[in-house]
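Here are the chains, one letter per residue:
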There are 2 protein chains.
Amino acid sequence: MDKIDRKILTLLQRDATMPVAEIGRKVGLSTTPCWRRIQKMEEDGIIQRRVAVLDPVKVNVGVTVFVSVKTNEHNDSWMRKFSGVIDEFPEVVEFYRMSGDVDYLMRVVVPDIGAYDTFYKRLISKINLTDVSSAFAMGQIKYTTALPLDFAIISDDDK
Amino acid sequence: MDKIDRKILTLLQRDATMPVAEIGRKVGLSTTPCWRRIQKMEEDGIIQRRVAVLDPVKVNVGVTVFVSVKTNEHNDSWMRKFSGVIDEFPEVVEFYRMSGDVDYLMRVVVPDIGAYDTFYKRLISKINLTDVSSAFAMGQIKYTTALPLDFAIISDDDK
DNA sequence: CATGAAAGGGCCCATCC
DNA sequence: GGATGGGCCCTTTCATG
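Chain A goes by AsnC family transcriptional regulator in an unreviewed UniProt entry, where it is assigned to Devosia marina.

Set out below in structure tokens:
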């Protein structure tokens, strides 16, 4: 991956509908080589997919809750089971295995507190969770799907 | 918004490259009305944008850190300043104002612990933060940009 | 008023240089 | 990496219930 690829990714992370010809123009390439680079990055899995991003408030999931879970079950099979349960809940949009005193952290999106309570009851009915604590977000100040590309590995033969 | 719109959104959240004709076929509509519905949802801001989603590991930001901030400055102007500082950091991909004992929570993506330390130093040099604590994720088990549409408001005249 | 059918223009993508 | 061309898809216009 070189500087041009990074520029292409920057543009596509911002707007995936941009025509290849225009991307090429912005990065100083003609259509074909630019298209080939994009194609390769898709094959390599650098570009995973192209998705529509919706307005959370307008689809009535304006409330984010961070749910911390502590457990005594520190084995792989339990994690897989937990993971499988979480997969069934579309309200859970992010799920992490943590280091430190919390074992798992998930981000849940719901319309309001009441809906969160419903979610919570459904969750604990599916799997036994020892210690769960919920932190409510009062507002989303920043949210982006665009990853920083400043750390991406640049091939040597690139000025 | 009716059931068909929800189906369209479900498809577009999964894959925004799907041709309108195919979407129409899947939801039981011909091309034009399907295209118009999508157009309208874009105008209404329900569909905010279409973006490329990249693989975090492959662009070398495989480590997620959740940073909790407590502060004594509970006024709007300070929040705006903080918000402005955060905007300058592409490593911060999410930023929330919280209720409870933590005031702000952000998700930061970096290549490794060392890069997080660099980020942390740069951050506290830009703004005075009283109480900051960092929690490292050992792994991302689930991440989706797709919001649940089960809560979306359905217009009455829809079976 | 919402849907469907058909036509034009633009873009993707393959081939060749 | 660049240029040309065919084919598909988006987008508009017109017709229909």
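**Here's the deal with the protein's contact with DNA strand C**
The full set of residues close to DNA strand C is Pro 19, Val 20, Thr 32 and Trp 35 of chain A together with Leu 29, Ser 30, Thr 32, Pro 33, Arg 36 and Arg 37 of chain B. Within the side chain of Thr 32 of chain B, one N or O atom sits 2.8 Å away from a base nitrogen of DNA strand C. Within the side chain of Arg 37 of chain B, a nitrogen or oxygen atom sits 3.4 Å from a phosphate oxygen of DNA strand C. Those elements giving two or more residues to the surface near DNA strand C turn out to be helix H3 (31-43) of chain A together with helix H3 (31-43) of chain B.

**Concerning the packing of aromatic side chains**
Scanning the model with the defined rule gives 21 aromatic pairs over all chains in all. Ring centres of Phe 66 of chain A and Phe 66 of chain B lie 6.2 Å apart, and the angle between their planes is 70°; on these two criteria the pair is classed as edge-to-face. With one member in each of two chains, Phe 66 of chain A in strand E2 (residues 63-70) and Phe 66 of chain B in strand E2 (residues 63-70) form a pair that bridges those chains. Taken individually, Phe 66 of chain A and Phe 66 of chain B each receive the classification buried, so the pair is uniform in this respect.

**Quick word on the side chain of Thr 71 of chain B**
Residue and element names in this part refer to chain B. Relative to the helices and strands, Thr 71 is located in the loop between E2 and helix H4 (76-87). Residue Thr 71 is classed as buried on the basis of its relative accessible area, which comes to 7%. The contacts of Thr 71, once residues within four sequence positions are left out, are Trp 78, Asp 103, Tyr 104 and Thr 130.

**Things to note about the relation of the copies chain B and chain A**
At an RMSD of 0.0 Å, chain B and chain A line up after a rotation of 180° and a shift of 0.0 Å along the axis. Here the two chains are linked by the operation of a two-fold rotation axis. Minimal C-alpha separation from the rotation axis in chain B is found for Val 51 of chain B, amounting to 2.8 Å. Most of the interface of chain B is mirrored in chain A, where 100% of its interface residues again form contacts.

**Comments concerning the protein's contact with DNA strand D**
As a structural note, the neighbourhood of DNA strand D is formed by Leu 29, Ser 30, Thr 32, Pro 33, Arg 36 and Arg 37 of chain A together with Pro 19, Val 20, Thr 31, Thr 32 and Trp 35 of chain B. The sugar-phosphate portion of DNA strand D accounts for 50% of its atoms within 4 Å of the protein, the bases making up the rest. In this structure, a base nitrogen belonging to DNA strand D sits 2.9 Å away from a side-chain N or O atom of Thr 32 of chain A. For the surface near DNA strand D, the secondary structure elements donating two or more residues are H3 of chain A together with H3 of chain B. Take the surface near DNA strand D: its biggest share by element is 4 residues, from H3 of chain A.

**Quick look at the pairing of strand E4 (residues 104-110) of chain A**
All names here are of chain A. Extensive coverage of E4 is indicated by the burial of 7 of its 7 residues. Side chains Tyr 104, Met 106, Val 108 and Val 110 of E4 all project onto a buried face; the interleaved residues Leu 105, Arg 107 and Val 109 project onto the opposite face, where all are buried too. Both E2 and E4 contribute to a ladder of 7 bridges, which runs antiparallel. In the strand pairing of E4, Val 67 is matched with Met 106. Here 5 bridges tie strand E3 (residues 92-98) to E4, and the two strands are oriented antiparallel to one another.

What counts, and where the lines are drawn
Residues numbered from 1 in each chain as written. Chains lettered and ligands numbered in written order. Predicted model: local features only at pLDDT ≥ 70, side-chain atom pairs only at ≥ 80, totals over all residues. Heavy atoms only, no water. Near = heavy atom within 4 Å. Polar contact = N/O pair within 3.5 Å; in protein donor to acceptor, adjacent residues only side chain to side chain. Helix = DSSP H or I, 4+ residues; strand = E, 2+ residues; numbered from the N terminus. Phe/Tyr/Trp six-rings, centres within 6.5 Å; stacked < 30°, edge-to-face > 60°. Buried < 20%, exposed > 50% of the residue type's maximum accessible area, 1.4 Å probe, protein only. Contact = heavy atoms within 4.5 Å. Least-squares fit on C-alpha atoms with pLDDT ≥ 70 in both. Pairing = 2+ DSSP bridges.

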